[in-house]
Amino acid sequence: MSHHGTGMAGTIAARARLTGTAPAARILAIRAFASTGKTDESTSLAVLRSIDWAVANGARVINMSFAGPQDPEQALVLAAAAKKGVVLVAAAGNAGPKSPPLYPAADPNVIAVTATDADDKLFVQSNRGRYIAVAAPGVDIVAPAPSGTYQFTSGTSVAAAQVSGIVALLLDAKPGLTPPAVRKALLSTARDLGPKGRDDQFGAGLADAYSAVQSLTASPPNAPVANVSTGR
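Owing to the predicted nature of the structure, the values given are computational and were not obtained by experimental measurement.

When you look at the overall build of the chain in this model, what are you seeing that I'm missing?
When its secondary structure is counted, the chain shows six helices and eight strands. Going from the N terminus to the C terminus, the chain shows its helices and strands as α-β-β-α-β-α-β-β-β-β-β-α-α-α. Here the C-alpha radius of gyration of the chain, 18 Å, is about what a compact globule of 232 residues would show, namely 17 Å. Over its C-alpha atoms, taken along the principal directions, the chain stretches across nearly 75 × 40 × 40 Å. Sorting the 232 residues of the chain into buried and exposed places 46% on the buried side. Contacts spanning at least 24 positions in sequence make up 61% of the contacts within the chain whose residues lie at least 6 apart.

This is how it looks when you write it as structure tokens:
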């Protein structure tokens, strides 16, 4: 079993000694990467087939805790998934401030997530860029590991998994949400970090699960008040 995949799945939906962001979520686990010792590797074809399988089997959100070069075929598959209402979330990448945009996070149909530490500072290895949507905790996070063990993990991968969990909470609260509506809920309720307003380090800011879910049920400020009669 993969340490990385187990950690990301647990960050989203663990429901035992550790609790994930969305413990009631159902995980469709797909082995898109194979362990080669110290790292997990994949191919474009394996990733494309995995996304297609997830969509065909009813996934509402696809967490992509990996990053690499741009792939035109991947862009087509992601666009098709988004058109079917699937919310796409990906790690912004851990290649540092001088790295070019990495994919699938930099794809316009994807919510790109960067990582912060316990002091709300940017994870030093995080990518920067206009494609960054939101941030989430991603330094020294305790996560499940294979064989009933645990691990500390850092990076934009685990941050993306946390945001995927928040998306699951949003879809549970309002199943009819479209991908643009989910993005709006996340970005409009994020807590601003760094320079005022959106920036290339933190995007809209730190994702806030409670505020995002509350934004779906809050009444408009000028909502009309209905006249209620007791019938007496």
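In this structure, what is going on with the sheet that holds strand 6 (residues 132–137)? I would like to understand it.
The strands making up a sheet are joined through hydrogen bonds of the backbone, oriented either antiparallel or parallel. Pairing within the open sheet is parallel, and its four strands lie in the order 3-4-5-6. For this open sheet the edge positions go to strand 3 (61–64) and strand 6, each flanked by a neighbour on one side alone. Mean inter-strand twist for the sheet, computed between neighbouring axes without regard to direction, equals 30 degrees. The sheet contact formed by strand 3 and strand 4 (residues 87–91) spans four bridges and is parallel. Along strand 4, the bridge assignment pairs Asn63 with Val89.

Thresholds, definitions, all that
- Residues numbered from 1 in each chain as written.
- Predicted model: local features only at pLDDT ≥ 70, side-chain atom pairs only at ≥ 80, totals over all residues.
- Heavy atoms only, no water.
- Helix = DSSP H or I, 4+ residues; strand = E, 2+ residues; numbered from the N terminus.
- Rg over C-alpha atoms; globule rule 2.2 N^0.38 Å.
- Buried < 20%, exposed > 50% of the residue type's maximum accessible area, 1.4 Å probe, protein only.
- Contact = heavy atoms within 4.5 Å.
- Pairing = 2+ DSSP bridges.
- Axes fitted to C-alpha atoms, helices over the stretch in contact; angles between N-to-C directions.

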